[in-house]
Amino acid sequence: MTVRVLIADDQELLRASLETVLGADERIDVIANVDDGDAAIEACRAHRVDVALMDVRMPRVNGIEATREIVALAAEGRLRTRVLVLTTFDLDEYVFAAIEAGASGFLTKDARPAELVDAICRVHDGDAVVAPRATAALLQHVRRAHAASGGGPACPGAPGGPTALAPLSPRERDVVSLLAAGASNDEIGERLYLTTNTVKTHVKSILAKLGLPDRIHVVIWAYEHGVVRPGEGVGPS
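Residue positions are counted from 1 within each chain, in the order its sequence is given. Side-chain atom pairs in this predicted model are given and counted only at pLDDT of 80 or more, local residue features only at pLDDT of at least 70, and totals for whole chains, interfaces and linings cover all residues. The side-chain numbers reported here are obtained from all heavy atoms of the structure, hydrogens and water having been left aside.

*Asks:* Tell me about the packing of helix H10 (residues 196–210) against helix H11 (residues 215–224), and name the residues and values.
*Replies:* Angular values range over 0 to 180 degrees, each being the angle between N-to-C directions of two axes fitted as lines to C-alpha atoms, with helices fitted over their stretch in contact. The secondary structure listing takes helices from DSSP runs of H or I that are at least 4 residues long and strands from runs of E that are at least 2 residues long, numbered from the N terminus. Their axes nearest at 10 Å, the elements H10 and H11 cross at an angle of 60°. With respect to each other, H10 and H11 are oriented oblique. Judged by the sense of rotation from one axis to the other, the crossing of H10 with H11 is left-handed. Where H10 abuts H11, its residues Val203, Ile206, Leu207 and Leu210 lie against Arg215, Val218 and Trp221. Nonpolar residues are Ala, Val, Leu, Ile, Met, Phe, Trp, Tyr, Cys and Pro. Charged residues are Asp, Glu, Lys and Arg, and all others, Gly as well, are polar. Among the residues forming the contact of H10 with H11, the class breakdown is 6 nonpolar, no polar and 1 charged. Between 65 and 115 degrees an angle is taken as roughly perpendicular, under 35 as roughly parallel, over 145 as roughly antiparallel, and anywhere else as oblique. Helix crossings get a hand from a simple test, with the near helix turned counterclockwise from the far one by less than a right angle marking a left-handed crossing and a clockwise turn marking a right-handed one. Whether two residues are in contact is decided by their heavy atoms: any pair within 4.5 Å suffices.

Spelled out as structure tokens, the structure:
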């Protein structure tokens, strides 16, 4: 299956370079490239875009606003697009805002071609991608934001702790705990004595039950609902 990709970046040379690199892979079909967020939204509406490669800092409508709109339209069933953010700096605060807006991950613009293609395919398959050296920073950002909010559920009346976990099985709760600690599927499998495929099945079930797009948002959900507190984990049962 070919992944239909949109490139959104305000640098023409970078767009051309990305289109050349991605077009060389038979799994990728670059269907359009645009120079701002508003054009990205319109292109996603006009074409069957699977994955949008989104720059953050663009004129008129920036990548965060565009991501939020695209994710909202996808949630309504009007689009099927998932967003992968490309940024110059892996610790850019704007990137964290894009993740919170619903992006399925981010890579830096110096990522190797094979790494970028792999990330696009993984996002298309429903996984989440974070630049390896930025994973710890992302978790730190989520914990810091949660601590600043007082450490309880993010929204008044939102269920917290055991109530929030009610839809999940005991083993799924264990997986949520380890996801919130930043563990990979392989690490979760080793910790819980499960195969990687079984872990993937649990993650898919968790996403379906909680109505979340990917594992990054499971981490955010865990902190926002008080399931995990800064510096703690709920711990395998």
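*Asks:* So what about the nonpolar core? Which residues, and what values?
*Replies:* By convention a nonpolar core is built from buried Ala, Val, Leu, Ile, Met, Phe, Trp, Tyr and Cys residues, the set being connected through side-chain atoms within 4.5 Å. We call a residue buried when its accessible area falls under 20% of the maximum for its residue type, exposed when it is over 50%, and partly exposed in between, using a 1.4 Å probe and counting protein chains only. Judged by nonpolar contacts, the single largest core of 32 residues is most densely connected at Leu6, Cys44, Met54, Ile70 and Val85. Only strand S1 (3–8), strand S2 (28–34), helix H2 (37–46), strand S3 (51–55), helix H3 (63–75), strand S4 (82–87), helix H4 (93–100) and H11 provide two or more residues apiece to this core. Here Cys44 is in contact with Leu6, Val49, Ala52, Ile70, Leu79 and Thr81, once residues within four sequence places are set aside. Leu165, Ala180, Ala183 and Ala222 belong to the second-largest nonpolar core, a separate cluster that totals 23 residues.

*Asks:* An account of helix H8 (residues 170–180) is needed here, citing residue identities and associated values.
*Replies:* Most of H8 sits inside the fold, with 8 of its 11 residues counted as buried. Residue Gly182 follows H8 closely and has a positive phi angle near 90°.

*Asks:* Give me the lowdown on the pattern of salt bridges, citing residues and values where you can.
*Replies:* Between side chains of opposite charge, a pair can form as their charged atoms come close. Put simply, a salt bridge is a Lys or Arg side-chain nitrogen that is within 4 Å of an Asp or Glu carboxyl oxygen. A full pass over the atoms with the stated rule returns 13 salt bridges. In this structure, Arg60 engages Asp36 in a salt bridge whose closest nitrogen and oxygen atoms are separated by 3.2 Å. Of the two residues, Arg60 sits in the loop between S3 and H3 while Asp36 sits in the loop between S2 and H2, which places them 24 residues apart along the sequence. Residue classification places Asp36 among the buried residues on the basis of a relative accessible area of 5%. With a closest N to O distance of 3.8 Å, Arg122 and Asp118 form a salt bridge. Here the residue Arg122 and the residue Asp118 both occupy positions in helix H5 (residues 113–124), the gap between them amounting to 4 residues, near one helical turn. Three or more residues are tied together by salt bridges with common partners; here these are Asp9, Asp55 and Lys109.

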